[in-house]
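Spelled out, the chains give:
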Amino acid sequence: NGYIWIGNEFGVSRFSGKTFENYSMADGLSDNEVVFIKNDSKGRVWFLGFNGTVSYWYKNQFFNEHNDTLLKRIKTNYCFTDLFEDGSGRLWFFSIAISVILDGANLMFPSSKDIYQNSFLVGGKNRQIVLSRTSDHHSIFKDNRFRPTQLKYARKEGCGLVVLPDGNTLFTAT
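Now for a look at the structure at hand. (Residues numbered from 1 in each chain as written. Predicted model: local features only at pLDDT ≥ 70, side-chain atom pairs only at ≥ 80, totals over all residues. Heavy atoms only, no water.)

1. Quick word on the sheet that holds strand β1 (residues 4–8)
For step 1, the next point in the chain: Taking strand neighbours across the sheet as the criterion, the 3 strands line up as β1-β2-β3 in an open arrangement whose pairing is antiparallel. The two strands at the open ends of the sheet, each matched to only one other strand, are β1 and β3 (20–23). Direction aside, neighbouring strands of the sheet carry axes that sit 20° apart on average.
For step 2, the next point in the chain: Across 5 bridges, β1 lies against strand β2 (residues 11–15) in antiparallel orientation. Across the sheet, residue Asn-8 finds its bridge partner in β2, namely Gly-11. (Pairing = 2+ DSSP bridges. Helix = DSSP H or I, 4+ residues; strand = E, 2+ residues; numbered from the N terminus. Axes fitted to C-alpha atoms, helices over the stretch in contact; angles between N-to-C directions.)

So, in structure tokens, the structure goes:
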């Protein structure tokens, strides 16, 4: 939408190309310490707070757990570190402790067997692959079910590669 959002420990700043506007919890952010910002396909700008809460900006207004009851249930004792949107419009929130999937008005809370801590998402046309950054615990999410999978994975000095089920190779770095 033409703006650049910048997060810091005092809230967020929105840059129009000419001027900055600053926002904080007083304006509706769920936390002043914003660690991650991401747009989704519906035009929302999501903010992941260091305190484990989530908020978003939509149509010139912040939404948080006080004015969007669904956000009251998307919380962790650790901050969320990643947010991905898959090809079906589901939002995947990842932290080192839990993961949450927002599918329209429905929330899913996968178990640690389904999504291992510190994971990330690789999207596909009709399935999602959840890869762990710290273990060989990977799964495929298809038809609203998680299926553990073994993938060829090589890692050395912070870099690695994963051979996906379709034969493509994903290179990773930390």
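2. Regarding a nonpolar patch on the surface
For step 1, the next point in the chain: Together, Ile-4, Ile-6 and Phe-20 make up a nonpolar patch on the protein surface, roughly 290 Å² of accessible area in all.
For step 2, the next point in the chain: Among the structural elements, Ile-6 can be located in strand β1.
For step 3, the next point in the chain: Ile-6 gets classed as partly exposed once you look at its relative accessible area, which sits at 38%. (Patch = residues over 30% accessible without salt bridge, like charges linked within 9 Å, V, L, I, M, F, W, Y side chains within 5 Å. Areas by Shrake-Rupley, 256 points an atom, 1.4 Å probe, with all protein chains shown as cover. Salt bridge = Lys/Arg side-chain N within 4 Å of Asp/Glu carboxyl O. Buried < 20%, exposed > 50% of the residue type's maximum accessible area, 1.4 Å probe, protein only.)

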